[in-house]
Amino acid sequence: MALQATESAVVAAAETDAAPRRDRLRFLRNGKTIVGLSILGVFVLLGIFGEMLAPYDPSARGEEIMASPSWDHPFGTTQTGQDIFSQILVGTRGVLVVGFVAAILATVLGVLIGVTAGYLGGFGDDALSSLSNIFLVIPGLPLIIIITSFLPETNDLTIAAVIGLTSWAWGARVLRAQTLSLRGRDYVQAARATGESTWRIIVFELLPNLTPVIATGFIGTVIFAVLSNITLAFIGIADISEWNWGTVLFWAQSNQALAQDAWWWFVPAGLCIALLGTSLALINYGIDEFINPRLRNDKADRSVRMRVGFTPVLRDQPVTAVARDAAAAVPAQARPAPDETVPDEPAPDESTKAAPDRSPRKDNPA
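Thresholds, definitions, all that
Residues numbered from 1 in each chain as written. Predicted model: local features only at pLDDT ≥ 70, side-chain atom pairs only at ≥ 80, totals over all residues. Heavy atoms only, no water. Helix = DSSP H or I, 4+ residues; strand = E, 2+ residues; numbered from the N terminus. Contact = heavy atoms within 4.5 Å. Axes fitted to C-alpha atoms, helices over the stretch in contact; angles between N-to-C directions. Parallel < 35°, antiparallel > 145°, perpendicular 65-115°, else oblique. Left-handed = near helix turned anticlockwise from the far one by under 90°. UniProt positions renumbered as here; feature names shortened; annotations may be inferred. Core = buried A, V, L, I, M, F, W, Y, C linked by side-chain atoms within 4.5 Å. Buried < 20%, exposed > 50% of the residue type's maximum accessible area, 1.4 Å probe, protein only. Nonpolar A, V, L, I, M, F, W, Y, C, P; charged D, E, K, R; others polar. Salt bridge = Lys/Arg side-chain N within 4 Å of Asp/Glu carboxyl O. pLDDT = per-residue confidence, 0-100. Polar contact = N/O pair within 3.5 Å; in protein donor to acceptor, adjacent residues only side chain to side chain. Phe/Tyr/Trp six-rings, centres within 6.5 Å; stacked < 30°, edge-to-face > 60°. Lys NZ or Arg CZ within 6 Å of the ring centre and 35° of its normal.

The subject of this paragraph is the overall build of the protein. When helices and strands are tallied, the protein shows 12 helices and zero strands. The linear arrangement of helices and strands in the protein, starting from the amino end, is α-α-α-α-α-α-α-α-α-α-α-α. Long-range pairs, those at least 24 residues apart, make up 67% of the contacts in the protein between residues at least 6 apart in sequence.

It is at 9 Å that the axes of helix 9 (residues 198-234) and helix 11 (residues 267-291) come closest, and there the two elements cross at 170°. Between helix 9 and helix 11, the interaxial angle falls into the category roughly antiparallel. Seen from above, helix 9 lies across helix 11 with left-handed handedness. Across the interface between the two elements, Pro212, Ala215, Thr216, Ile219, Val222, Ile223, Val226, Leu227 and Ile230 from helix 9 touch Ile273, Leu276, Gly277, Leu280, Ala281, Ile283, Asn284, Ile287, Asp288 and Ile291 from helix 11.

A few words now on the UniProt feature "transmembrane region" (unreviewed entry) in the protein. Those residues carrying the UniProt feature "transmembrane region" (unreviewed entry) are residues 34-54, 95-121, 133-151, 157-175, 210-237 and 263-287 in this numbering. As annotated, residues 34-54 comprises 95% helix and 0% strand, and the C-alpha atoms at either end are separated by 27 Å. This span, residues 210-237, is 89% helix and 0% strand, and a straight line between its end C-alpha atoms measures 36 Å.

The subject of this paragraph is the nonpolar core. Grouped together as the largest cluster of nonpolar side chains are 30 residues, with contacts concentrated most on Ile88, Trp245, Val248, Trp265 and Leu276. The residues contacting tryptophan 265, other than those within four sequence positions of it, are Met66, Thr78, Gln79, Ile84, Val248, Trp251, Ala252, Asn255 and Ala257. Val111, Leu175, Val188 and Ile214 belong to the second-largest nonpolar core, a separate cluster that totals 12 residues.

What follows covers the environment of glycine 62. Relative to the assigned elements, glycine 62 resides in the loop between helix 2 (31-53) and helix 3 (84-120). Residue classification places glycine 62 among the partly exposed residues on the basis of a relative accessible area of 33%.

Attention now moves to the side chain of serine 279. Mapped onto the secondary structure, serine 279 falls in helix 11. Once residues lying within four places of it in the same chain are set aside, the contact partners of serine 279 are Gly36, Ile39 and Leu40.

Running from amino to carboxyl end, helix 10 (residues 245-254) crosses helix 11 at an angle of 150°, the nearest separation of the two axes being 9 Å. The handedness of the crossing between helix 10 and helix 11 is left-handed. Counted together, Trp245, Val248 and Leu249 of helix 10 and Ala269, Cys272, Ile273 and Leu276 of helix 11 form the full contact between these two elements. Here the residues of the contact of helix 10 with helix 11 sort into seven nonpolar, no polar and no charged.

In this section: the pattern of salt bridges. For the coordinates displayed, the defined rule picks out four salt bridges. One salt bridge connects lysine 32 with glutamate 289, and the closest N-O pair in it is separated by 2.9 Å. With lysine 32 in helix 2 and glutamate 289 in helix 11, this residue pair connects regions lying 257 residues apart in the sequence. What makes lysine 32 partly exposed here is its relative accessible area of 36%. Across the pair arginine 176 and aspartate 125 runs a salt bridge, and its minimum N-O distance is 2.7 Å.

Bringing the confidence of the model for the protein into the picture now. Looking at the protein, pLDDT values average 79 and 72% of them are 70 or higher. Put simply, helix 1 (residues 2-29) is where the protein has its lowest mean pLDDT, 50, and helix 3 is where it has its highest, 93. Taken as a whole, residues 1-19 scores under 50 in pLDDT and shows five contacts with residues more than four places along the chain or in a different chain. Note that pLDDT drops below 50 for residues 362-366; the model gives that stretch zero contacts with residues more than four away or on any other chain.

Moving on, we come to the side chain of glutamine 82. Secondary-structure assignment places glutamine 82 in the loop between helix 2 and helix 3. We classify glutamine 82 as buried; its relative accessible area is 14%. Reaching out from glutamine 82, the side chain makes a polar contact with the backbone oxygen of serine 59 at a distance of 3.3 Å. Once residues within four sequence positions are removed from consideration, glutamine 82 is found in contact with Pro58, Ser59, Ala60, Arg61, Gly62, Gly76, Thr77, Gln87 and Trp243.

To continue, consider the packing of aromatic side chains. Counted under the stated rule, the structure contains seven aromatic pairs. Relative to tryptophan 168, the ring of phenylalanine 135 has its centre 5.0 Å away and its plane inclined at 50°; by these criteria the two rings are tilted. Of this pair, phenylalanine 135 sits in helix 4 (residues 122-137) while tryptophan 168 sits in the loop between helix 6 (156-166) and helix 7 (169-182), and the two are 33 residues apart along the sequence. The lysine or arginine in question, arginine 200, covers the ring of phenylalanine 204, its NZ or CZ lying 4.6 Å from the ring centre.

Attention now moves to the environment of isoleucine 138. On the secondary structure map, isoleucine 138 appears in the loop between helix 4 and helix 5 (140-150). Owing to a relative accessible area of 36%, isoleucine 138 belongs among the partly exposed residues under this scheme. Considering only alpha carbons, one finds isoleucine 138 and threonine 166, 28 residues apart in sequence, at a separation of 9.3 Å.

And the structure:
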């Protein structure tokens, strides 16, 4: 008996240690997350090594004008003989730099303003919330266009800074709401009672619980920054001498590629934008399923887990299986034999039923 208890304790301790590892790897085991990270990884590699992989100079003119895709030019050429494939490869870096730099800047501002406003409260909360509301009311893209048009230089870092400084308000509002719900929890009150400083409570008590919300906001800001950068380049606000996917679309629209049936001039850039947005959206879905257990669809968690020393728990078992297990638990002598039939109870004969006495009552004359 003592040996069995010891084995049960060892197995329970091993499973307890393995449970956090399974929870940590749950995000990476998600199929949506794997696909999204794979596509994003390909674009990151193209952004790093795009200039080395480009077969031609993206700005160099060639003799083949408006050539359709071929082995020498996989994405065709422009009306000046420029290789579109090289333009796509070189332009990947600018798109990713603007997207991630702007997202990092906006996330940092959102965390600082949102968490500070939600935790401190009072006049500081009112002032920071008013500032967030002002940026929420102003349309984001028109504000970015106005600020960018007044800048003397519009390179990738400048555009990323403008987008980051104008797109932090929504994340700050969400983090403020989450912080308001967390600051009254027992572990936060216990940290206050033990004399922990404000910055330590925010960093070690609040931010770990806000990490999923911060990650989701970061991915959404990357998508917004990428689309804003491409929009600025497409309408000619950004520097069109620096190649990115929006610049390719700008020159295609300026030279009426659609009217000339030069589909290879704008379709590759559009597909790259769609694939990058899809990868970020899949990563965001994976984060949502990791945060919310109701969105998970893990078949491994629906089986019966038998552990030594613990009562097995049925998870998502159908009714038929439960009934079968209950029938198996009944003793064999209590169940009828296969050839034995239980006689049905005879139905009462209608003729033998006593008819109600309908004769009039006669009082006893006494």
